[in-house]
There are 2 protein chains.
Amino acid sequence: METIRKRRSIRKYLAKDVPADLLDELLETAARAQTMGNLQLYSVVVTRDQAMKEQLSPAHFNQPMVKGAPVVLTFCADFNRTTQWCKCRKAVPGYDNLLSFMNAASDALLFTQNFCNLAEEKGLGICYLGTTIYNAGDIIRILQLPKLVVPVATITVGWPDEHPEQSDRLPLAAFVHEETYKDYTPEDIDRYYCPKEALAENRHFVEINQKETLAQIFTDIRYTREANVSISASLLKTLQEQGFMQ
Amino acid sequence: METIRKRRSIRKYLAKDVPADLLDELLETAARAQTMGNLQLYSVVVTRDQAMKEQLSPAHFNQPMVKGAPVVLTFCADFNRTTQWCKCRKAVPGYDNLLSFMNAASDALLFTQNFCNLAEEKGLGICYLGTTIYNAGDIIRILQLPKLVVPVATITVGWPDEHPEQSDRLPLAAFVHEETYKDYTPEDIDRYYCPKEALAENRHFVEINQKETLAQIFTDIRYTREANVSISASLLKTLQEQGFMQ
């Protein structure tokens, strides 16, 4: 519990390897995560080769962790292996659809988070790259992922070479609802978001970007409608190409 | 690490409450999980009321854990709260699309798995109900979820009243790929799946269902193409109704 309570993402790593047997132990234990029908609808691709990291880097908008970490893990929703198993066993698979993608993505993400908790407990630092589904098509090509395999999360792993401040979180009441969902009034929004908006770093972001509010940093710069619409279209295309929208 | 290594899903619970302050502590700590832009794109609805459990039960195919657990938690992908925040802050949100749903679903699932690990560390038993997205529309109605909120996982929580055998897992080599994805040969499939197929319980399943192979249990009974196609269509409709496919 203390490991999770005190966690922070680590983006700078020591020039020190992560032993293969440690990584194996962590991945094997992480696979105790719940999984649909015990099918383990995921795969993970381990990147240690520097040339492969160079290739992956642009797909993650050149965030420096990709080239700087000893290990990059790409966690994938995978219905290919199960489908191959079915075909070898006189069973006719029907997993080329949206539900199956969501089931596999769920399995992969639970497995990913289990891995993160275990790695941090061992003193490793990790950073979660949410950019994975933004350029999924490029990652598929680089890692040679077959149909019915789609990357959903990337984790950079290494020994920490920094000790950043912990980031803030919303108060519990902002995201917990008793019995039914109570929608948010403007007063609720003020109560839950004013502390975040008052943080020095957030006020600084607003100022240097010449915006009026912190929310505008998200809507106008970090996650714009234009980018979201464009990436949604390419994500849908990727799901089709990978055979999940039959 | 030992908690995760030894974990098993718990489906029978003691008639003993889960204190609200313990649940709050677990949810608050779970929220340390990584989240997109620190937006925490999730909500959780806590069900303790027996009448609410009765309503939710059919949406989970009447699995007995829903009515039998002291607490049922429905974890939701939530872009509503962030959107309300934007609207209160002169920011124009653009989160009514597939990418935003996937980002919120990812946030919600990482948060869910963190919660599961923390709960099990405290000695609680949990069961993950993957049925949540199968009947998402019913759950949305019962829990009164607004647009841009979609349930993605349900966890039943209580003090264990059973100690089941641990389920098997595939060997590590079955789901870990070095540098690039190596597709599976029939020999790989045999090597990875024969131990599972040889388990007494799985041979028993095949026998009582009068099937030829274990894989046919999945394709013909548990997760059929017909059901997957039908549920995929209703899931897509739910995403549209909740405003995520604009």
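Residues numbered from 1 in each chain as written. Chains lettered and ligands numbered in written order. Predicted model: local features only at pLDDT ≥ 70, side-chain atom pairs only at ≥ 80, totals over all residues.

**A look at the overall build of chain A**
Move 1: The helix and strand inventory of chain A stands at 11 helices and 5 strands.
Move 2: Over its C-alpha atoms, taken along the principal directions, chain A stretches across nearly 60 × 45 × 35 Å.
Move 3: Residues counted as buried form 50% of the 246 residues belonging to chain A.
Move 4: Partitioning the contacts of chain A with sequence separation of at least 6, the portion at a separation of at least 24 is 79%. (Helix = DSSP H or I, 4+ residues; strand = E, 2+ residues; numbered from the N terminus. Buried ≥ 20, exposed ≤ 12 C-beta atoms within 10 Å, placed from the backbone. Contact = placed C-beta atoms within 7 Å.)

**Focus: helix α8 (residues 186–198) of chain A**
Move 1: Under the 1.5 Å per step criterion, the end-to-end length of α8 of chain A is 17 Å for 13 residues, consistent within 8% with the ideal 18 Å.
Move 2: In the structure, α8 of chain A departs most strongly from a straight axis at Y192 of chain A, where the bend amounts to approximately 40 degrees and where the proline P195 of chain A lies between one and four residues downstream. (Expected span 1.5 Å × (residues − 1). Bend = angle between axes of the 7 residues up to and from the residue.)

**Comments concerning the environment of A30 of chain A**
All names here are of chain A.
Move 1: Considering the arrangement of structural elements, one finds A30 in helix α2 (residues 20–30).
Move 2: Given 25 C-beta atoms within 10 Å, A30 falls into the buried group.
Move 3: On a C-alpha basis, the gap between A30 and C116 in space is 8.5 Å, while along the polypeptide they are 86 residues apart.
Move 4: Excluding anything up to four places from it in sequence, A30 contacts F111, N114, F115 and L118.

**A closer look at unusual backbone geometry**
Move 1: Of note, K90 of chain A is a non-glycine position whose phi angle comes to about 55 degrees, a positive value.
Move 2: Along the chain, K90 of chain A turns up in the loop between α5 (80–88) and α6 (98–121).
Move 3: The phi torsion at N38 of chain B lies on the positive side, around 55 degrees, for a residue other than glycine.
Move 4: Turning to its location among the elements, N38 of chain B is positioned in the loop between α2 (20–30) and β1 (42–47).

**Some points on the sheet that holds strand β5 (residues 176–178) of chain A**
Strand pairing in a sheet takes place through backbone hydrogen bonds and is either antiparallel or parallel in direction.
Move 1: The mixed open sheet is built from 5 strands, whose spatial order is β5(A)-β1(B)-β2(B)-β4(B)-β3(B). Every other strand in the sheet has two partners, leaving β5 of chain A together with β3 (125–129) of chain B as the edge strands with one partner each. Strand-to-strand twist in this sheet, taken as the mean axis angle between neighbours without regard to direction, amounts to 25 degrees.
Move 2: Bridge analysis of β3 of chain B against strand β4 (residues 149–158) of chain B gives 5 bridges, and the strand direction is antiparallel. Each bridged residue has a counterpart across the sheet, and for G125 of chain B the counterpart in β4 of chain B is G158 of chain B. (Pairing = 2+ DSSP bridges. Axes fitted to C-alpha atoms, helices over the stretch in contact; angles between N-to-C directions.)

**Details of the pairing of β4 of chain B**
Consecutive residues of a regular strand have side chains that alternate between opposite faces of the sheet.
All names here are of chain B.
Move 1: Counted residue by residue, β4 has 10 buried out of 10 residues, so it is predominantly covered.
Move 2: Note: strand β2 (residues 71–78) against β4, 8 bridges, orientation antiparallel. Of the residues in β4, the one forming a bridge with L73 is I155.

**Brief notes about the packing of α6 of chain A against helix α6 (residues 98–121) of chain B**
Move 1: At a minimum axis distance of 9 Å, the contact between α6 of chain A and α6 of chain B shows a crossing angle of 50 degrees. Judged by the inter-axis angle, α6 of chain A sits oblique to α6 of chain B. The two elements α6 of chain A and α6 of chain B cross, and the hand of that crossing is right-handed. Residues S106, L109, L110, Q113, N114 and N117 of chain A of α6 of chain A touch α6 of chain B, and the partners they reach there are S106, L109, L110, Q113, N114 and N117 of chain B.
Move 2: For the contact of α6 of chain A with α6 of chain B, the class distribution of residues is 4 nonpolar, 8 polar and no charged. (Parallel < 35°, antiparallel > 145°, perpendicular 65-115°, else oblique. Left-handed = near helix turned anticlockwise from the far one by under 90°. Nonpolar A, V, L, I, M, F, W, Y, C, P; charged D, E, K, R; others polar.)

**As for the interface of chain A and chain B**
Move 1: Listed per partner, the contact involves 92 residues of chain A and 92 residues of chain B.
Move 2: Ranked by residues supplied to the side of chain A that touches chain B, first place goes to α6 of chain A with 13 residues.
Move 3: Grouping the constituent residues of the side of chain A that touches chain B by class yields 47 nonpolar, 28 polar and 17 charged.

**Considerations on the packing of α5 of chain A against helix α8 (residues 186–198) of chain B**
Move 1: Interaxial distance between α5 of chain A and α8 of chain B falls to 10 Å at its minimum, and their mutual angle equals 100 degrees. The angle between α5 of chain A and α8 of chain B places the two elements in the roughly perpendicular class. Within the contact between the two elements, α5 of chain A uses Q84, W85 and C88 of chain A and α8 of chain B uses P186, I189 and Y193 of chain B.
Move 2: Partitioning the contact of α5 of chain A with α8 of chain B into residue classes produces 5 nonpolar, 1 polar and no charged.

**Comments concerning the relation of the copies chain A and chain B**
One copy of the chain maps onto the other through a rotation about an axis plus a displacement along that axis.
Move 1: You can overlay chain A on chain B at an RMSD of 0.0 Å; the transform is a turn of 180 degrees with a shift of 0.0 Å along its axis. What the rotation and shift describe, once combined, is the action of a two-fold rotation axis.
Move 2: Taken together, the interface assignments show that 100% of the residues at the interface of chain A recur at the interface of chain B, consistent with an identical surface on both copies. (Least-squares fit on C-alpha atoms with pLDDT ≥ 70 in both.)

**A look at the pairing of β1 of chain B**
Move 1: With 6 of 6 residues buried, β1 of chain B lies mostly within the body of the structure.
Move 2: On β1 of chain B, burial covers both faces: Y42, V44 and V46 of chain B on one face and S43, V45 and T47 of chain B on the other are all buried.
Move 3: Of the pairings in the sheet, the one linking β5 of chain A to β1 of chain B comprises 3 bridges and is parallel in character. Residue E178 of chain A lies in a different strand from β1 of chain B, and its bridge partner there is V46 of chain B.

**Looking at helix α10 (residues 214–222) of chain B**
Move 1: L214, A215, F218 and T219 of chain B are the residues of α10 of chain B that are buried. One side of α10 of chain B holds all its buried residues, which, seen down the axis, span an arc of 150 degrees.
Move 2: The secondary structure elements touched by the buried residues of α10 of chain B are α5 of chain A together with α8 and α9 (200–208) of chain B. (Arc of directions from axis to C-beta.)

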